[in-house]
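Single-letter residue listing:
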Amino acid sequence: MSTIHFKKTTTATPEQFIAGLTDFGPGREKIFGNSTDAYLKVHKTGTNYADVTEGSGGIWERLNYNWSDPTHIVLTTTDSNLWGGRSGHTYTLTRQPNGTTDVDVVIVRAGKNLKGRLVGAFLGIVGKGQLKKWFGNTLKAIEARNYEVGMAAKA
């Protein structure tokens, strides 16, 4: 099992970050490069949760999104072709006095088969820098969209 942890800062508000994270409409792949529209399937959404399958490049996972605490968003993997166990993502948002938001990211990858264990080990050893870079691109895309509060869980 690999646990990847890093922190990034964004000019987006916590509300804008959540709106971007939960924008499941067409073009999601422009925000999240590892979530192509061809894989995207929204099973169910509510005011502070969503059940979504997404992925790319032959890797997919079904995630339970929970943003009932808007400062601590938890994505739990419920099914995947690679990931099992305690896999998922956690985003802890801290609004800063200067208007920026610190985003503390924790990604857990527990492989449920040989390929998953190999990919998970690779991510844990050398993938952190790439994941951090991709997440930086995600933050730039969310900032560029300048989401208005209340746009969350658009499908």
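As shown above, the structure is provided for reference.
Computed from a predicted model, the values in this text were never measured in an experiment.

Rules and cut-offs
- Position labels on residues start from 1 in each chain and follow its written sequence.
- Under the rules for a predicted model, residues below a pLDDT of 70 receive no local features and side-chain atom pairs below 80 are neither given nor counted, while totals for whole chains, interfaces and linings still include all residues.
- For the side-chain quantities, the full set of heavy atoms in the structure was used; hydrogens and water were omitted.
- Strands here mean DSSP runs of E at least two residues long; helices mean DSSP runs of H or I at least four residues long; both are numbered from the N terminus.
- As a reference, a globule follows 2.2 Å times the number of residues to the power 0.38, and the radius of gyration itself is taken over C-alpha atoms.
- Remark: exposure states derive from per-residue accessible area (1.4 Å probe, protein chains only) relative to the maximum for the residue type, with buried under 20%, exposed over 50%, and partly exposed in between.
- For this analysis, residues touch if any pair of their heavy atoms sits within 4.5 Å.
- The method behind every accessible area is Shrake-Rupley, applied with a 1.4 Å probe, and residues are considered shielded solely by the protein chains displayed.
- Charge counting treats Lys and Arg as positive and Asp and Glu as negative, with His and both chain ends excluded.
- In plain terms, the charge of a residue is placed at NZ if it is Lys, CZ if Arg, CG if Asp and CD if Glu.
- Only protein atoms enter the calculation, which uses a 1 Å grid: trapped sets of points that fit a 1.4 Å probe without letting it out are cavities, open sets showing protein on both sides within 12 Å along at least five of seven lines are pockets, and any residue with an atom within 4 Å of a point is a lining residue.
- Grid points are joined across faces, edges and corners, and a volume is the space filled by probe spheres set on the points.
- Under the convention adopted here, Pro, Cys and the residues Ala, Val, Leu, Ile, Met, Phe, Trp and Tyr are nonpolar, Asp, Glu, Lys and Arg are charged, and Gly plus all remaining residues are polar.
- In these notes, a set of buried Ala, Val, Leu, Ile, Met, Phe, Trp, Tyr and Cys residues joined through side-chain atoms within 4.5 Å is what counts as a nonpolar core.
- Paired strands, as defined in this entry, are two strands with at least two bridges between them according to DSSP.

Novice: Before we move on, can you summarise the overall build of the protein with the specific residues and values?
Specialist: On a plain count of helices and strands, the protein comes out with three helices and seven strands. Reading the helices (α) and strands (β) of the protein from amino to carboxyl end gives β-α-α-β-β-β-β-β-β-α. By the compact-globule yardstick of 15 Å for 155 residues, the protein fits well, its C-alpha radius of gyration being 15 Å. A principal-axis box enclosing the C-alpha atoms of the protein has dimensions of 45 × 30 × 25 Å. Evaluated residue by residue, the protein yields a buried proportion of 43% over its 155 residues. Sequence separation of at least 24 residues holds for 50% of the intrachain contacts in the protein that already meet a minimum separation of 6. If you sum the accessible surface of the protein, you get close to 7,900 Å²; carbon and sulfur atoms cover 54% of it. Distance from the positive charge centre (19 side chains) to the negative charge centre (13 side chains) of the protein: 7 Å.

Novice: Mind laying out the layout of surface pockets, listing which residues take part and the relevant values?
Specialist: Of the voids in this model, the largest pocket is the one considered here, and its volume is about 740 Å³. Along the walls of the largest pocket sit 35 residues, with Asn34, His89, Arg109, Leu131 and Trp134 positioned nearest its centre. Going through the elements one at a time, helix H2 (28-31), strand E3 (49-56), strand E4 (59-66), strand E6 (83-95), strand E7 (101-111) and helix H3 (114-145) are the ones with two or more residues in the lining of the largest pocket. In terms of residue count, H3 provides more of the lining of the largest pocket than any other element does, 11 residues in total. Class assignment of the residues belonging to the lining of the largest pocket gives a composition of 20 nonpolar, 10 polar and five charged.

Novice: Now, about the nonpolar core: what can you tell me, with residues and values included?
Specialist: If you look at the biggest cluster of nonpolar residues, it comprises 32 residues, and the most contacted ones within it are Phe17, Leu21, Tyr65, Ile73, Tyr91 and Phe135. Breaking this core down by element, the ones donating at least two residues are strand E1 (2-10), helix H1 (14-21), E3, E4, strand E5 (72-80), E6, E7 and H3. For this core, the element with the highest residue contribution is H3, accounting for six residues. Sequence-distant contacts of Tyr91, defined by excluding residues within four places in its chain, comprise Phe17, Leu21, Thr71, His72, Ile73, Leu75, Val103, Asp104, Val105 and Phe135.

Novice: Describe in detail the pairing of strand E2 (residues 41-45), supporting the description with residues and values.
Specialist: Relative to E3, E2 is paired through four bridges, and the arrangement is antiparallel. Residue pairing in the sheet places Lys41 in a bridge with Thr53 of E3. Hairpin connection between E2 and E3: a loop of three residues separates the two successive antiparallel strands.

Novice: Lay out the pairing of E3 with the relevant residues and their values.
Specialist: Regular strands place their side chains on alternate faces of the sheet. Burial within E3 is extensive, with seven of its eight residues counted as buried. Pairing of E3 with E4 involves eight bridges; the strand directions are antiparallel. Bridge pairing in E4 places Ser56 opposite Ile59. Counting the residues in the hairpin turn of E3 and E4 gives two residues, including Gly57, whose phi is positive at 55°.

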